[in-house]
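Report on the structure
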Amino acid sequence: MPAHSVLLVEDDPATRSRLAAVIGGHPQLSLLAAVGDCAGAFEQLRRQRPQVLLTDIGLPDGSGVELIAAVRAAHPEVECMAISIFGDERHVVEAISAGANGYLLKDDAPEAIGKAVLQLLGGGAPISPEIGRFLLDRARTPHAEPLAGESPFTSREREVLELVELGYSYQEIADQLGLSFHTVNAHIKHIYRKLQANSRGSALRSARRRGLLRPVGKREP
Amino acid sequence: MSLDAGRPPHPTDGRAVARRAGLLLLTLTIYWAAVLWLRSDPPVDEGVLQLQRMDWAPATDPAPKSAGSPRGLPVDGFRQPEVDGWYSADITLAARPQQAWAVYLPQVVMNAAVSVNGRLIGQGGSLTPPVARHWARPLWFLVPDGLLRAGSNRLTVRLASEPAGTGLLGKVYLGPAARLEPLYRYDRLVRVGVAETAFIITLATSLLIALLAWLRPAESLYRWYAAGLGAWALHDLNLLLIEPPLPVWLWNRLNTVTVFWFAVCCLFFTLRLLCLSRPLFERTVLTLAVIATLLMPFTPDALHHPVRLPVWETLALLLAFYPALLMLHAYFSRDDLEITVLALSSVVITSGAIRDWLVIAGLLERGPGFLMHFGAPVGVLALGCVLVSRFNRALRRTEQLNSTLEQRVRENSAELERNLETLHAYRRRQAIADERSRIMRDMHDGVGSQLVSTLAAVESGRADLGGVALALRDALNDLRLIVDAVDPNDADIGRALARLRRRLDAQLTAAGIVLEWRVKPLATELHPQAQLQLLRIVQEALSNAIRHSGCRRLRVSCSADGVVEISDDGRGMAAAANAGNGLSNMRTRARAINAELSIDAASPNGTRVRILLPVPTGAAAESRF
């Protein structure tokens, strides 16, 4: 089985080399490139297409959120993950709204990193208690500013989020609610899609400007 | 006269006094000029006969005699004895008049009947008691056609008064009706019209002021003014009613009583207006007034009787005189528009009263009636000015007060806002300082001491890489606990435990331990500090289980009523004993948050750590920190 290619974008050299080592050392993953800013990432993306984009949110020449949005608009098949620090749920949710399907913490253990990337590639939608809580808090606060395209959660989605918030795994949630693992995963994906609606237009323009897409009317030779 | 009024006396320099005296004289002059002009006899047209003398015969005669004692007109009961009776004159006409002729009597007190050539041509009402009452009302009689003839004619006027002898007969005119009528109409307008108007205005004002007095019971001066005007209106009725509504003896005395009480009311009003407090004087005057009123029925009927005039009429005049003097004094010593208006009007009215007194005393000619009646409109006008000025002043004061009040409210709210802001800023600073010192304490307690001991181990060269990595990971974990505990919005231990689980997952997987997770949200809130201590206890227990117990299964549960349990199926208490330092740390932390900690054997094997959180948790934990 060929290894899955990963593009790593992280400006802190120590973290970059640590994550690069984790990915490079993982039997099922291969590191396509490790760059330190948006420009480098776009440069790489114009030349080759990774299966996974792993990007920090705060970059010296831009935001990882914007990078994720552009990549997802131009190449929806690329899975994106944000790299965050703990206690920064707002940026993680922004990254999810832009199209990320999961996130890592910079100090996560190596095993956890590999596991999360593989889960993502396997069609999973990883979520954490922190993110679950953040989304529920927003839904509970009547006047919170809505994220782009946000629509209310269904009562089942709420139930799932409430258990996520208490630290239960997908399987445990499935057991408690009498659902299958895949249904719980689908609920989370659905929640992510609710956050991601309506931001495609500006993301496409950004992707075209960055050269990820050919201008309209030109065909690939 | 002491002026203990609230307002300071005006500094009286010579020029101010002169100016005020000038104004006073001017007012009196204007008033008297107007009175004299209104009451002067208009020039008589040619062809109108004015009788200067008539022959008099006493009323006891059944019919006018052909000749009596001649008397010059006017005759006045106040100045001469016995004026009632028959007055006759012979008038010689060159020819029989072609147009209608009339007899006009401008001044008759109280009633008259007129005959021409022995035939009665009219009379102003009853000639016998109760006699019809005409005080200032001119009498007008048309001579029937053909009664006057060429040559000698005889005109007879029968004069009657009540009490007998107090009457008056002024001029007697005979002439063409067309020429005399304007004269009659003018006199009627000036004397009857003005008197009626004055009565209505006085009565209406009295009622209005009475309403004001009722609305403002604290200001008794309005009460006295209303009463005074009411008395005066009653007095005015005497001028208007031809038939007295009461027995004549009572009606006549009531007339004097009303004047008397008018004077009393004026006095009391003035004292209050000038803020003069004379309770003894007031009591004396009131007692005198009541006695005088009660004595009235026993007084002689005639106004000018030598007993009645000096006592009652003079007393009334003096009573009216005193407030006028008070007003005059105030007028010259204070600078006040209100007092100026009232003083001028009271002087005007008093001058009319003096004149009337002189008439009753027989010292002046009566002319067409008394003047006092025409004083009422002046007084009412003056009071109107005063009330308008008071109203205006009150409004202005209210406006000023309002604006002052608004200003003050604005200032106070601004001040309050500033204070609140200061307080908020202080509280913010205080909260930040508290939070900072708490975080510092937490750091020293956990991550700080871990880093220090790790550093010491590295520097001494005793550390192996694995141990350092473990220590750093512990430090990192503790840092995460601190960050979690900083969140003021999340006091739920269930959520905090959930975050702990995510961090432990990799370790558990690596150690091959299966985790059983039974966490429910806690019913009560937990103070961040208590939450941190609890998380540290749980983390310690989990680390012990993972590192030392050799367990395969690990169970973490948290119930809604605050029981947190960590149990494993490892080697049991022996492993717990290995933990050593960690156990005593756990106990210290549990004591710090008033929680009960128990560590015992799980069945069939393993260790169970049980933490009972205090209830209510929030308040108890808060009090500790």
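Our subject is the structure that appears above.
Read on for an overview of the structure. (Residues numbered from 1 in each chain as written. Chains lettered and ligands numbered in written order. Predicted model: local features only at pLDDT ≥ 70, side-chain atom pairs only at ≥ 80, totals over all residues. Heavy atoms only, no water.)

**Structural notes on the overall build of chain A**
- When helices and strands are tallied, chain A shows 10 helices and 7 strands.
- Classification of the 221 residues of chain A by burial places 52% in the buried group.
- Long-range pairs, those at least 24 residues apart, make up 68% of the contacts in chain A with a sequence separation of at least 6.
- Carbon and sulfur atoms form 53% of the exposed surface of chain A, whose accessible area is close to 9900 Å². (Helix = DSSP H or I, 4+ residues; strand = E, 2+ residues; numbered from the N terminus. Buried < 20%, exposed > 50% of the residue type's maximum accessible area, 1.4 Å probe, protein only. Contact = heavy atoms within 4.5 Å. Areas by Shrake-Rupley, 256 points an atom, 1.4 Å probe, with all protein chains shown as cover.)

**Looking at the side chain of A:His26**
All names here are of chain A.
- Tracing the sequence through the fold places His 26 in the loop between α1 (13-25) and β2 (29-35).
- Accessibility expressed as a relative area gives 18% for His 26, which makes it buried.
- At a separation of 3.1 Å, a polar atom in the side chain of His 26 contacts the main-chain amide nitrogen of Gln 28.
- Setting aside residues no more than four positions away along its own chain, His 26 makes contact with Gly 114 and Leu 118. (Polar contact = N/O pair within 3.5 Å; in protein donor to acceptor, adjacent residues only side chain to side chain.)

**Side note on the interface of chain A and chain B**
- In this complex, chain A contributes 22 residues to the contact, which on the side of chain B involves 22 residues.
- Summed over both sides, the interface between chain A and chain B buries roughly 1800 Å², with carbon and sulfur atoms accounting for 48% of that surface.
- Broken down residue by residue, the surface that chain A buries against chain B is led by A:Phe86, A:Arg133 and A:Leu166, which jointly contribute 34%.
- Between the two partners, chain A and chain B, sit 1 salt bridge.
- Where chain A touches chain B, the interface holds 4 residue pairs in polar contact (both at pLDDT 80 or more).
- Secondary structure elements with two or more residues in the side of chain A that touches chain B: β7 (103-105), α5 (110-121) and α6 (129-140) of chain A.
- Examining the composition of the side of chain A that touches chain B, we find that 5 residues originate from one element, α6(A), more than from any other.
- Here the side of chain A that touches chain B is built from residues that sort into 8 nonpolar, 3 polar and 11 charged. (Buried area = accessible area lost by both parts, 1.4 Å probe. Salt bridge = Lys/Arg side-chain N within 4 Å of Asp/Glu carboxyl O. Nonpolar A, V, L, I, M, F, W, Y, C, P; charged D, E, K, R; others polar.)

**What about the layout of surface pockets?**
- In this structure, the largest pocket encloses a volume near 1200 Å³.
- Surrounding the largest pocket, 46 residues form its lining, A:Ala112, A:Lys115, B:Arg502, B:Asp505 and B:Ala506 being those nearest its centre.
- Contributing elements (two or more residues each) for the lining of the largest pocket: β7, α5 and α8 (170-177) of chain A together with α9 (465-486), α10 (493-511) and α11 (528-549) of chain B.
- Broken down by element, the lining of the largest pocket gets its largest block of residues, 10 residues, from α10(B). (1 Å grid on protein atoms, 1.4 Å probe; cavity = no way out; pocket = protein on both sides within 12 Å on 5 of 7 lines; lining within 4 Å. Points joined across faces, edges and corners; volume = space filled by probe spheres on them.)

**With respect to the pairing of strand β2 (residues 53-57) of chain B**
All names here are of chain B.
- Pairing of β2 with strand β3 (residues 69-72) involves 4 bridges; the strand directions are antiparallel. Bridge pairing in β3 places Asp 55 opposite Pro 70.
- Sheet analysis places β2 next to strand β5 (residues 85-93), joined by 3 bridges and oriented antiparallel. Each bridged residue has a counterpart across the sheet, and for Ala 57 the counterpart in β5 is Trp 86. (Pairing = 2+ DSSP bridges.)

**A look at the packing of aromatic side chains**
Residue and element names in this part refer to chain B.
- If you walk through the whole model with that rule in mind, you get 11 aromatic pairs over all chains.
- Each ring, one from Tyr 225 and one from Phe 269, has its centre 4.5 Å from the other, and the planes form 70°; the classification is edge-to-face. Here the residue Tyr 225 occupies a position in helix α3 (residues 220-240), and Phe 269 occupies one in helix α4 (residues 248-273), the gap between them amounting to 44 residues. Each of the two residues, Tyr 225 as well as Phe 269, counts as buried.
- The structure contains a cluster of three or more aromatic residues connected by ring pairs, namely Tyr 104, Trp 140, Tyr 173 and Tyr 184.
- Positioned above the aromatic ring of Trp 56 is the side chain of Arg 71, whose terminal nitrogen or guanidinium carbon lies 4.0 Å from the ring centre.
- Arg 158 extends its terminal NZ or CZ atom over the ring of Trp 86, reaching a point 5.5 Å from the ring centre. (Phe/Tyr/Trp six-rings, centres within 6.5 Å; stacked < 30°, edge-to-face > 60°. Lys NZ or Arg CZ within 6 Å of the ring centre and 35° of its normal.)

**Quick word on a nonpolar patch on the surface**
Residue and element names in this part refer to chain B.
- Taken together, the side chains of Leu 318, Phe 321, Leu 325 and Ile 354 define a hydrophobic patch exposed on the protein surface, amounting to about 320 Å² of accessible area.
- The element that contributes the greatest number of residues to the nonpolar patch is helix α6 (residues 308-333), accounting for 3 residues.
- Along the chain, the position of Ile 354 falls in helix α7 (residues 337-360).
- Residue Ile 354 is classed as partly exposed on the basis of its relative accessible area, which comes to 30%. (Patch = residues over 30% accessible without salt bridge, like charges linked within 9 Å, V, L, I, M, F, W, Y side chains within 5 Å.)

**Observations regarding unusual backbone geometry**
All names here are of chain B.
- Residues Leu 73 and Pro 74 are joined by a peptide bond in cis, for which omega reads 0°.
- The omega angle of the peptide bond from Val 109 to Met 110 is 5°, so this bond is cis rather than trans.
- Looking at the element boundaries, Met 110 is found in the loop between β7 (108-109) and β8 (111-116).
- Phi at Glu 82 takes a positive value of approximately 50°, unusual for a residue other than glycine.
- Mapped onto the elements of the fold, Glu 82 is located in the loop between β4 (75-76) and β5.
- Accessibility expressed as a relative area gives 44% for Glu 82, which makes it partly exposed.

**Quick word on the sheet that holds β7(B)**
Residues and elements named next belong to chain B.
- Across the sheet, which stays open at both edges, the 3 strands sit in the order β4-β12-β7 with antiparallel pairing between neighbours. In this open sheet, the two strands that pair with only one neighbour each are β4 and β7.
- Here 2 bridges tie β4 to strand β12 (residues 168-169), and the two strands are oriented antiparallel to one another. Paired with Asp 76 across the bridge in β12 is Leu 168.

**A closer look at the state of the cysteines**
Residues and elements named next belong to chain B.
- All chains considered together, the criterion is met by 0 disulfides over all chains.
- You can see Cys 265 has no disulfide; the closest cysteine sulfur is in Cys 266, sitting 7.3 Å from it.
- A residue is classified by how much of its surface remains accessible, and Cys 265, at 5% relative accessible area, is buried. (Disulfide = S-S within 2.5 Å.)

**Examining empty space enclosed by the protein**
Residues and elements named next belong to chain B.
- On inspection of all chains with the given rule, the structure shows 8 cavities of 30 Å³ or more.
- Looking at the second largest cavity, its volume works out to about 390 Å³.
- Lining the second largest cavity are 25 residues, and of these Tyr 225, Phe 262, Cys 266, Ser 346 and Ile 349 lie nearest its centre.
- Those elements that place two or more of their residues in the lining of the second largest cavity are α3, α4, α6, α7 and α8 (375-460).
- Per-element accounting of the lining of the second largest cavity gives the leading share, 6 residues, to α7.
- A class-by-class count of the residues in the lining of the second largest cavity yields 18 nonpolar, 7 polar and no charged.

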